[in-house]
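So you can see what is in the structure, the chains are spelled out below.
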Amino acid sequence: MSDCIFCKIVRGEIPCSKVYEDDKILAFDDINPMAPVHVVIIPKNHISTLMDVDTEKDDIMNNLIAAAQKVAQIKNIAVSGFRVAINCNAEGGQVVFHLHVHVLGGRKLQDELG
Ligand code: 5GP
Ligand code: ZN
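Presented here is a report on the structure given in the accompanying data block. Each chain carries its own residue numbering, running from 1 in the written order of its sequence. Following the order in which they are written, the chains are lettered starting with A and the ligands numbered starting with 1. A pLDDT threshold of at least 70 governs which residues receive local features in this predicted model, and a stricter bar of 80 or more applies before side-chain atom pairs are shown or counted, although totals over entire chains, interfaces and linings include all residues. The side-chain quantities take in all heavy atoms of the structure and omit both hydrogens and water.

Focus on helix 2 (residues 60-74)
Now for step 1: Each helix is a run of DSSP H or I of at least 4 residues and each strand a run of E of at least 2, with the numbering of both proceeding from the N terminus. Expected span of a helix: the number of residues minus one, times 1.5 Å. In this model, helix 2 (15 residues) spans 21 Å end to end at C-alpha, consistent with the 21 Å of a helix rising 1.5 Å per residue.
Now for step 2: Only protein chains enter the area calculation, which uses a 1.4 Å probe; residues under 20% of their type maximum are buried, those over 50% are exposed, and those in between are partly exposed. Residues of helix 2 that are buried: Ile60, Met61, Asn63, Leu64, Ala67, Ala68, Val71 and Ala72.
Now for step 3: Directly beyond the C-terminal end of helix 2, a positive phi value near 60° is found at Asn76.

Encoded structure:
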């Protein structure tokens, strides 16, 4: 989508600190980190929210989780631990309407689920 921030990052129109990339996925450091490690993982194709994923026909959620495992290894938090979060729609706290997975770690996370 032309005016989507994360699509602009995929196209290279907005710079990012890339952590991991493959043909379907891009992972980059969050611009406003909530923890020492805070990575955003996105599908390169635009999908607005978690509710727009067709899990019967699309394996993107599996790809996102596989990327989260890779990010945890790259950031050296796989053993110490981390949190994976997907915010969906307004009351879920979603601000950017391009599906993304947050990977948070690098410190002991408290009860921050809202
Ligand atoms: P949401 O609240 O939609 O789940 O999370 C969106 C996340 O994207 C936020 O944590 C925010 O800091 C991050 N973000 C928004 N714009 C940019 C950007 O231009 N670059 C990067 N790296 N992160 C962004
Ligand atoms: Zn997008």
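Section: the layout of surface pockets
Now for step 1: Buriedness of a pocket was judged along seven lines, with at least five required to meet protein on both sides within 12 Å; pockets are open sets of points on a 1 Å grid over the protein atoms alone, cavities are sets where a 1.4 Å probe fits but cannot get out, and lining residues have an atom within 4 Å of a point. Grid points are joined across faces, edges and corners, and a volume is the space filled by probe spheres set on the points. When its volume is computed, the largest pocket comes out at roughly 740 Å³.
Now for step 2: Lining the largest pocket we find 28 residues, and of these Asp30, Asn32, Met34, His38 and His102 sit closest to its centre.
Now for step 3: For the lining of the largest pocket, the secondary structure elements donating two or more residues are helix 1 (5-10), strand 2 (25-29), strand 3 (37-43), strand 4 (82-85) and strand 5 (101-105).
Now for step 4: Ranked by the residues each element gives to the lining of the largest pocket, the list is headed by helix 1, at three residues.

Details of the nonpolar core
Now for step 1: The set of buried Ala, Val, Leu, Ile, Met, Phe, Trp, Tyr and Cys residues whose side-chain atoms join them within 4.5 Å is what this entry labels a nonpolar core. In this structure, Val39, Ile41, Leu64, Val71 and Val103 are the most contacted members of the largest nonpolar core, which totals 20 residues.
Now for step 2: Looking at this core, the elements that each hand over two or more residues are strand 1 (18-21), strand 2, strand 3, helix 2 and strand 5.
Now for step 3: Sorting elements by how many residues they give to this core places helix 2 first, with seven residues.
Now for step 4: Setting aside anything within four residues of it in sequence, one finds Val103 in contact with Val37, His38, Val39, Ile41, Ala68, Val71, Ile77, Phe82, Arg83 and Val84. Here, two residues are considered to be in contact whenever any of their heavy atoms come within 4.5 Å of each other.

Some remarks on the coordination of the zinc ion (ligand 2)
Now for step 1: Taken together, the protein ligands of the zinc ion (ligand 2) are Cys4 (SG), Cys7 (SG), His46 (ND1) and His98 (ND1), with distances of 2.0 to 2.3 Å.
Now for step 2: Here the zinc ion (ligand 2) binds four donor atoms, and the angle range of 105 to 117° at the metal identifies the geometry as tetrahedral.
Now for step 3: Positions of the donor residues of the zinc ion (ligand 2), expressed as sequence spacing, correspond to C-x2-C-x38-H-x51-H. One end of the pair, Cys4, is in the segment before helix 1; the other, His46, is in the loop between strand 3 and helix 2, with 42 residues separating them in the sequence.
Now for step 4: Classification of Cys4 by relative accessible area gives buried; the value is 8%. Coordinating N, O and S atoms are those within 2.8 Å of the metal (3.2 Å for Na, K and Ca), and as water is not part of the atoms, a site may appear to have fewer donors than expected. Here a site with four donors is tetrahedral if all angles are between 85 and 135 degrees, and a site with four or six donors is square planar or octahedral if opposite donors are over 155 degrees apart and the other angles are between 65 and 115; anything else gets the irregular label.

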